[in-house]
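Architecture at a glance
What follows is each chain in one-letter form.
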Amino acid sequence: MSIIWTTGSIMIEVKVVNKGHQPLPAYSTPQSAGMDLRANLSEPVTLRPMERRLIPTGLHIALPEGYEAQVRPRSGLALKKGITVLNSPGTIDADYRGEVGVLLINLSQEDFVVNDGERIAQMVVARHEQVDFATVTVLDETERGEGGYGHTGVK
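Residues numbered from 1 in each chain as written. Predicted model: local features only at pLDDT ≥ 70, side-chain atom pairs only at ≥ 80, totals over all residues. Heavy atoms only, no water.

**Brief notes about the sheet that holds strand 7 (residues 67-72)**
- Pairing is antiparallel across the open sheet formed by four strands, whose spatial order is 4-12-7-9. Only two strands of the sheet have a single partner each, and these edge strands are strand 4 (35-38) and strand 9 (90-92). When strand polarity is set aside, the average angle formed by the axes of neighbouring strands in this sheet is 35°.
- Across six bridges, the pairing between strand 7 and strand 12 (residues 119-127) is antiparallel. Along strand 12, the bridge assignment pairs Ala69 with Val125. (Pairing = 2+ DSSP bridges. Helix = DSSP H or I, 4+ residues; strand = E, 2+ residues; numbered from the N terminus. Axes fitted to C-alpha atoms, helices over the stretch in contact; angles between N-to-C directions.)

**Topic: unusual backbone geometry**
- Look at the link from Ser88 to Pro89: it is a cis peptide, with omega at -10°.
- In this model, Met50 sits at a positive phi of 65°, which is unusual for a non-glycine residue.
- Its location among the elements puts Met50 in the loop between strand 5 (45-47) and strand 6 (52-62).

**Here's the deal with the side chain of Gln70**
- Position of Gln70 among the secondary structure elements: in strand 7.
- Polar contacts involving the side chain of Gln70 include one to the side chain of Glu68, which spans 2.9 Å. (Polar contact = N/O pair within 3.5 Å; in protein donor to acceptor, adjacent residues only side chain to side chain.)

**Some words on the environment of Arg38**
- Structurally, Arg38 is set in strand 4.
- By relative accessible area, which is 31% here, Arg38 ends up partly exposed.
- When the C-alpha positions of Arg38 and Ile55 are compared, they lie 9.1 Å apart, and in sequence the two are 17 residues distant.
- The contact partners of Arg38, leaving out residues within four places of it in the chain, are Gln22, Pro23, Pro56, Thr57, Gly117, Glu118, Arg119 and Ile120.
- Engagement of the side chain of Arg38 in a polar contact is seen with the backbone oxygen of Gly117, the distance being 2.8 Å. (Buried < 20%, exposed > 50% of the residue type's maximum accessible area, 1.4 Å probe, protein only. Contact = heavy atoms within 4.5 Å.)

**A look at empty space enclosed by the protein**
- Counted under the stated rule, the structure contains one cavity of 30 Å³ or more.
- Here the largest cavity defines a volume of roughly 50 Å³.
- Around the largest cavity, the lining residues are Asn18, Gln22, Pro23, Pro25, Asp36, Leu37, Arg38, Thr57 and Leu59.
- Listing elements by their share of the lining of the largest cavity, those giving two or more residues are strand 4 and strand 6.
- Considering each element in turn, the lining of the largest cavity owes the most residues, three residues, to strand 4.
- Split into classes, the residues belonging to the lining of the largest cavity amount to four nonpolar, three polar and two charged. (1 Å grid on protein atoms, 1.4 Å probe; cavity = no way out; pocket = protein on both sides within 12 Å on 5 of 7 lines; lining within 4 Å. Points joined across faces, edges and corners; volume = space filled by probe spheres on them. Nonpolar A, V, L, I, M, F, W, Y, C, P; charged D, E, K, R; others polar.)

**Looking at the pattern of salt bridges**
- This structure, assessed with the given rule, holds five salt bridges.
- Between Asp36 and Arg74 there is a salt bridge, with its nearest N and O atoms 3.3 Å apart. With a gap of 38 residues between them, Asp36 in strand 4 and Arg74 in the loop between strand 7 and helix 1 (75-81) connect regions that are remote in the sequence. Both residues of the pair, Asp36 and Arg74, belong to the buried class.
- Close ionic contact of Arg53 with Glu51 constitutes a salt bridge, the shortest N to O distance being 3.9 Å.
- With a relative accessible area of 25%, Glu51 lands in the partly exposed category.
- Residues joined by salt bridges that share partners form a network here, namely Asp36, Arg74 and Arg119. (Salt bridge = Lys/Arg side-chain N within 4 Å of Asp/Glu carboxyl O.)

Right, here's the structure in full:
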(Lines give C-alpha, C1' and ligand atoms only; values in the text may rest on other atoms or scores of the structure.)
Protein backbone atom coordinates (compact mmCIF):
# COMPACT_ATOMS: atom_id res chain seq x y z
CA MET A 1 0.00 0.00 0.00
CA SER A 2 1.28 3.45 -0.85
CA ILE A 3 0.25 6.43 1.23
CA ILE A 4 0.78 9.93 -0.11
CA TRP A 5 0.31 12.98 2.14
CA THR A 6 -1.17 16.01 0.43
CA THR A 7 -2.23 19.25 2.13
CA GLY A 8 -3.56 17.66 5.27
CA SER A 9 -5.15 14.64 3.62
CA ILE A 10 -3.97 11.15 2.80
CA MET A 11 -4.01 9.60 -0.67
CA ILE A 12 -4.34 5.81 -0.63
CA GLU A 13 -3.14 3.90 -3.67
CA VAL A 14 -5.77 1.53 -5.06
CA LYS A 15 -4.77 -0.86 -7.83
CA VAL A 16 -7.29 -0.96 -10.67
CA VAL A 17 -7.81 -3.00 -13.82
CA ASN A 18 -10.04 -1.19 -16.28
CA LYS A 19 -11.63 -3.82 -18.53
CA GLY A 20 -14.05 -1.24 -19.85
CA HIS A 21 -13.72 1.75 -22.13
CA GLN A 22 -14.57 4.55 -19.67
CA PRO A 23 -12.02 6.76 -17.88
CA LEU A 24 -11.04 5.86 -14.33
CA PRO A 25 -13.10 7.43 -11.54
CA ALA A 26 -11.77 10.81 -10.45
CA TYR A 27 -12.62 13.47 -7.89
CA SER A 28 -14.53 16.40 -9.39
CA THR A 29 -13.20 18.92 -6.88
CA PRO A 30 -10.25 18.97 -4.47
CA GLN A 31 -12.51 18.31 -1.45
CA SER A 32 -14.88 15.74 -3.00
CA ALA A 33 -15.42 12.61 -0.90
CA GLY A 34 -16.70 10.51 -3.78
CA MET A 35 -15.63 9.71 -7.32
CA ASP A 36 -18.21 9.27 -10.07
CA LEU A 37 -18.67 5.76 -11.47
CA ARG A 38 -19.67 5.52 -15.13
CA ALA A 39 -21.81 2.96 -16.92
CA ASN A 40 -19.76 0.72 -19.20
CA LEU A 41 -22.33 -0.47 -21.74
CA SER A 42 -22.35 -1.78 -25.30
CA GLU A 43 -25.92 -0.46 -25.70
CA PRO A 44 -28.29 1.69 -23.62
CA VAL A 45 -30.24 0.03 -20.79
CA THR A 46 -33.82 1.09 -20.06
CA LEU A 47 -34.96 0.94 -16.45
CA ARG A 48 -38.74 0.82 -16.20
CA PRO A 49 -40.49 2.15 -13.06
CA MET A 50 -39.55 0.00 -10.02
CA GLU A 51 -37.12 -2.05 -12.13
CA ARG A 52 -33.63 -2.79 -10.84
CA ARG A 53 -30.56 -3.72 -12.88
CA LEU A 54 -26.90 -4.34 -12.19
CA ILE A 55 -25.00 -1.85 -14.35
CA PRO A 56 -21.37 -2.74 -15.16
CA THR A 57 -18.50 -0.28 -14.77
CA GLY A 58 -15.67 -2.36 -16.25
CA LEU A 59 -13.59 -1.69 -13.13
CA HIS A 60 -11.84 -4.26 -10.93
CA ILE A 61 -10.10 -2.88 -7.84
CA ALA A 62 -7.77 -4.09 -5.10
CA LEU A 63 -8.28 -2.09 -1.93
CA PRO A 64 -5.70 -2.16 0.86
CA GLU A 65 -6.59 -4.26 3.91
CA GLY A 66 -8.69 -2.23 6.35
CA TYR A 67 -10.44 -0.24 3.61
CA GLU A 68 -13.78 -0.57 1.83
CA ALA A 69 -15.33 1.21 -1.12
CA GLN A 70 -18.93 2.37 -0.73
CA VAL A 71 -21.12 2.74 -3.81
CA ARG A 72 -23.63 5.52 -3.21
CA PRO A 73 -26.35 7.27 -5.24
CA ARG A 74 -25.67 10.46 -7.12
CA SER A 75 -27.86 13.13 -5.55
CA GLY A 76 -28.78 14.74 -8.88
CA LEU A 77 -30.03 11.47 -10.38
CA ALA A 78 -32.01 10.73 -7.24
CA LEU A 79 -33.63 14.17 -7.07
CA LYS A 80 -34.26 14.82 -10.76
CA LYS A 81 -34.93 11.29 -12.07
CA GLY A 82 -35.75 9.06 -9.08
CA ILE A 83 -32.74 6.81 -9.80
CA THR A 84 -30.87 5.47 -6.80
CA VAL A 85 -28.55 2.68 -5.67
CA LEU A 86 -30.72 -0.10 -4.24
CA ASN A 87 -28.33 -1.46 -1.61
CA SER A 88 -27.07 1.94 -0.59
CA PRO A 89 -24.35 2.10 0.30
CA GLY A 90 -23.10 -0.99 -1.47
CA THR A 91 -19.87 -2.23 0.06
CA ILE A 92 -16.87 -3.45 -1.90
CA ASP A 93 -14.58 -5.41 0.41
CA ALA A 94 -10.80 -5.32 0.23
CA ASP A 95 -10.63 -8.98 -0.86
CA TYR A 96 -13.18 -8.68 -3.71
CA ARG A 97 -11.65 -8.83 -7.20
CA GLY A 98 -14.73 -9.02 -9.43
CA GLU A 99 -16.18 -6.22 -11.50
CA VAL A 100 -17.60 -3.23 -9.64
CA GLY A 101 -21.29 -3.19 -10.49
CA VAL A 102 -23.92 -0.61 -9.56
CA LEU A 103 -27.35 -1.92 -8.57
CA LEU A 104 -29.66 0.83 -9.81
CA ILE A 105 -33.41 1.08 -9.24
CA ASN A 106 -35.88 3.42 -10.91
CA LEU A 107 -38.22 4.83 -8.24
CA SER A 108 -39.91 7.22 -10.66
CA GLN A 109 -43.04 6.72 -12.76
CA GLU A 110 -41.16 7.09 -16.05
CA ASP A 111 -38.66 4.95 -17.95
CA PHE A 112 -35.04 5.96 -17.48
CA VAL A 113 -32.37 5.19 -20.07
CA VAL A 114 -28.84 4.50 -18.81
CA ASN A 115 -26.39 5.43 -21.55
CA ASP A 116 -22.80 4.32 -21.98
CA GLY A 117 -20.46 6.63 -20.07
CA GLU A 118 -23.23 8.11 -17.91
CA ARG A 119 -22.27 8.95 -14.34
CA ILE A 120 -24.52 6.56 -12.40
CA ALA A 121 -23.16 6.49 -8.83
CA GLN A 122 -20.32 7.66 -6.67
CA MET A 123 -17.68 5.64 -4.87
CA VAL A 124 -16.22 6.61 -1.51
CA VAL A 125 -13.16 4.74 -0.17
CA ALA A 126 -13.03 4.65 3.62
CA ARG A 127 -11.08 3.00 6.41
CA HIS A 128 -12.99 0.61 8.63
CA GLU A 129 -12.43 -1.46 11.74
CA GLN A 130 -13.43 -5.02 12.55
CA VAL A 131 -14.89 -5.98 15.90
CA ASP A 132 -14.67 -8.91 18.26
CA PHE A 133 -17.99 -9.40 20.08
CA ALA A 134 -17.74 -10.02 23.82
CA THR A 135 -20.80 -11.82 25.16
CA VAL A 136 -22.05 -10.33 28.45
CA THR A 137 -25.25 -10.69 30.49
CA VAL A 138 -26.00 -6.99 30.92
CA LEU A 139 -25.01 -3.71 29.20
CA ASP A 140 -24.09 -0.46 30.94
CA GLU A 141 -26.91 2.04 31.51
CA THR A 142 -27.23 5.23 29.43
CA GLU A 143 -29.60 8.18 29.45
CA ARG A 144 -31.24 6.94 26.25
CA GLY A 145 -31.49 3.32 27.35
CA GLU A 146 -33.60 1.21 24.99
CA GLY A 147 -35.31 4.19 23.31
CA GLY A 148 -35.38 3.48 19.58
CA TYR A 149 -36.79 5.02 16.44
CA GLY A 150 -38.01 8.57 17.09
CA HIS A 151 -37.28 8.28 20.81
CA THR A 152 -35.34 11.54 21.03
CA GLY A 153 -38.32 13.42 19.58
CA VAL A 154 -38.54 16.42 17.29
CA LYS A 155 -37.23 19.78 18.47
